[in-house]
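# Structural overview for review
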Amino acid sequence: MVQEINEAESNVLINKQINQMINFINLGNFQDALILGQSLEQSSENNPNVLNIMGMLTVKLGDHADAVRYFRKLVKIRPKCALSSYQLANSLNSTGQQEAAISSYKQAIRNKRNFADAHYELGNVYSSVGNYKKAVTHYKEAIRIQPDFAAAHNNLGTALTKLGRQDEAIDSYHSATSIKPDYSEAYHNLAVILNISGKNEQAIVTCLKSIEINPNYADAYYSLGVIFGALGNNEEAIRSFERGLKLVPDHIDTNAGFFYASGKEVPGWHIPMMNDDPRNQAYKKALETTITEDTQVLEIGAGSGLLAMIAAQSGTNKKITTCEMTPVIASVAKEILELNGFGNSVEVIAKASKDISIGEDLTDKADLIVSEVISNEFLGEGVLDTVEDAKKRLLAPGGRMIPESGCIMINLVGGEAIGKKLYIGDVLGFNLEPFNKIKPRKISIDQQMNSVELFTNDAVAFQFNFQEKDQFPREVRTLELKLQKTGKCFGIIQWVLLQLVDEIIFENHPVKQVAESAWHPMFYPFYKPLNLTKNQVIQIQATHNRTSANFKLIAIDGVPFL
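Reading the values: rules and limits
- Residues numbered from 1 in each chain as written.
- Predicted model: local features only at pLDDT ≥ 70, side-chain atom pairs only at ≥ 80, totals over all residues.
- Heavy atoms only, no water.
- Helix = DSSP H or I, 4+ residues; strand = E, 2+ residues; numbered from the N terminus.
- Contact = heavy atoms within 4.5 Å.
- Areas by Shrake-Rupley, 256 points an atom, 1.4 Å probe, with all protein chains shown as cover.
- Lys, Arg positive; Asp, Glu negative; His and termini not counted.
- Charge placed at Lys NZ, Arg CZ, Asp CG, Glu CD.
- Salt bridge = Lys/Arg side-chain N within 4 Å of Asp/Glu carboxyl O.
- Buried < 20%, exposed > 50% of the residue type's maximum accessible area, 1.4 Å probe, protein only.
- Polar contact = N/O pair within 3.5 Å; in protein donor to acceptor, adjacent residues only side chain to side chain.
- Pairing = 2+ DSSP bridges.
- Axes fitted to C-alpha atoms, helices over the stretch in contact; angles between N-to-C directions.
- Patch = residues over 30% accessible without salt bridge, like charges linked within 9 Å, V, L, I, M, F, W, Y side chains within 5 Å.

Here we take up the overall build of the protein. For the protein, the count of helices and strands is 21 helices and 18 strands. Considered along the principal axes of its C-alpha atoms, the protein spans approximately 100 × 65 × 50 Å. Put simply, of all contacts in the protein between residues at least 6 apart along the chain, 67% involve residues at least 24 apart. Here the protein has roughly 27,400 Å² of accessible surface; of this, 50% comes from carbon and sulfur atoms. Here the protein carries 55 positive and 64 negative side-chain charges, and the mean point of each set is 4 Å from the other.

In structure tokens form, the structure reads like this:
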């Protein structure tokens, strides 16, 4: 009898402490609530109310791993409680345990059949792992249970977009905005799919509606720039990208869009590339070093067929395969191969490498994949997508890539001769400086090596190891360059360094090279020249979005540069 009284008193005390925890949480005093909860956890022997509150508290504190621990215990005590399984699933998802989260969401749904939120979150997890068909199923179920579930309509639209079901996606976004007229994200998503569907004018109106609702929505400004670009209105595209960058200066896509729109060019690089003897010799040496009589070679990007012919001469007894996505180039490559006696030893496939399949186009995976799909800014020809796909599908285990790796290099650039190509000031007594406002922010120049003056040590902006890595995410970096001398600087210069194989290097260095390369350096000119002093430290913002690298000056000796 005495024990029963003690237990009753203990329960009263525990409930009192639980109420005190709740009060702490309501007052925003999370640390005291956490300390009290940890004490209760030890003394209350898995009290479900304590576990539930501790789970929610740790979620609020961002400690999702601890939340998983609490909710797991709670589910063991309350296996039929749909909310407990749902809370566990949310925390599992937050810690990257998607498969376990899926299982827990399904348990929540079994416990509560018409659980709209659980179906919605399950749809979100399936979307995050790329299973858009199942995501669609659960978004639709959430909407069946709760027809005015605006977020479910919006996310359903996104999943349908991924499946290529554009008309259905448009209907879903319309439903989301009808239910929630101030739903900026849904208007933005609708604008994107309208643009994809070729309904550009509607897309502009819809995107502007998204921005009207949320003037600080940087993604919407980016999309608006893309839509204007699709309509050929480059000026408005640039304005949209600029507005987005004012909100989020390091927004990778908007930086890429801005630099592309403000510096469009159509380079005639094929013939200079074929005449680039230092680069040709470097690739020749790399192929001769790597190829044996049993090497199965795949070249990506046939061009003239030059590398394929070099490979065929390098000792392999197997037929060389080269692919070329542009039909007219593929046709000429075949003609050149026949002309030079390689018609039987080299096969040209008129496809992009991403469209090649083993068993249909190639009998076996390649032992060596060689490519030259690198632009003078390194990323412009989609090299990262190409390499990732080729390594995953077309390269045999233990196979080699040429080039093995590459770097995007930068330095600060000066020199009066190059300055005349990057900046306009006084001409014949007339001040033309305002024209610098509309000059390209990113340009390629066929410069003379002796016209370039470099101010710092060469810096690696980004490095890509094709041989060892399989994925290359987008990046934002801040680089610090220390001035090695005093002088007038006109901007940033960028070039390419390739490790073809082992110690065989090719670099189109703007000064230290045997002959000028067809890969011209890229320049990022300042609005006007800067007089810099030795030992000053320059901060450069470097971004790449996998298809374009961009650089801009952000500070001098820690002082922001505007």
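This is not the end of the story, as more comes after the structure.
This part takes up the pattern of salt bridges. Taken as a whole and judged by the stated rule, the model has 23 salt bridges. One salt bridge connects Arg279 with Asp276, and the closest N-O pair in it is separated by 3.7 Å. Neither Arg279 nor Asp276 differs from the other in exposure class; each is buried. Salt-bridge contacts for Arg546 lead to Glu388; the nearest nitrogen and oxygen are separated by 2.7 Å. Of this pair, Arg546 sits in the loop between β16 (537-544) and β17 (549-556) while Glu388 is found in helix α20 (residues 383-393), placing the two residues 158 residues apart along the sequence. The buried category is assigned to Arg546, whose relative accessible area is 17%. The buried category is assigned to Glu388, whose relative accessible area is 11%. One salt-bridge network, held together by shared partners, links Lys354, Asp385, Glu388 and Arg546.

In this section: the side chain of Asp389. Considering the arrangement of structural elements, one finds Asp389 in helix α20. At a separation of 2.8 Å, a polar atom in the side chain of Asp389 contacts the side chain of Arg393. Beyond its immediate sequence surroundings of up to four residues, Asp389 is in contact with Ser353, Lys354 and Leu394.

Bringing the pairing of strand β6 (residues 405-414) into the picture now. Burial analysis of β6 places 10 of its 10 residues in the buried class, which makes it a mostly covered element. One ladder, built from 6 bridges, connects β6 with strand β11 (residues 459-465); its direction is antiparallel. Bridged to Ile408 within β11 is Phe462. By the bridge criterion, 10 bridges tie β6 to strand β13 (residues 487-501) in an arrangement that is antiparallel. Looking across to β13, one finds that Ser405 is bridged to Gln499.

Looking now at the side chain of Asn195. Tracing the backbone through its elements, the reader meets Asn195 in helix α11 (residues 184-196). Among the polar contacts made by the side chain of Asn195, one reaches the side chain of Asn200 at a distance of 2.6 Å. Each residue touching Asn195, except ones within four places of it in the same chain, is listed here: Asn200, Ala203, Val226, Ile227 and Ala230.

Turning our eyes to something else, we now look at the sheet that holds strand β18 (residues 559-560). What the 4 strands build is an open sheet, ordered β12-β16-β17-β18; its pairing is antiparallel. Each end of this open sheet is capped by a strand with a single partner; those strands are β12 (475-482) and β18. Bridging between β17 and β18 involves 2 bridges; their strand directions are antiparallel. Each residue of the ladder has a partner; that of Ile556, found in β18, is Val559. In this fold helix α15 (residues 252-262) packs onto β12, β16 and β17, with an angle of close to 105° to the strand it touches most, β17.

In most cases, non-glycine residues show a negative phi, while peptide bonds are predominantly trans. Cis rather than trans, the peptide bond between Ile402 and Pro403 has omega equal to 0°. A positive phi angle is found at Leu428, which is not glycine, with a value near 55°. Relative to the helices and strands, Leu428 resides in the loop between β7 (426-427) and β8 (430-431).

The next subject is a nonpolar patch on the surface. On the surface, a cluster of nonpolar side chains totalling about 420 Å² of accessible area is made up of Val427, Leu428, Phe430 and Leu432. On the secondary structure map, Phe430 appears in strand β8. Note on Phe430: relative accessible area 57%, which makes it exposed.

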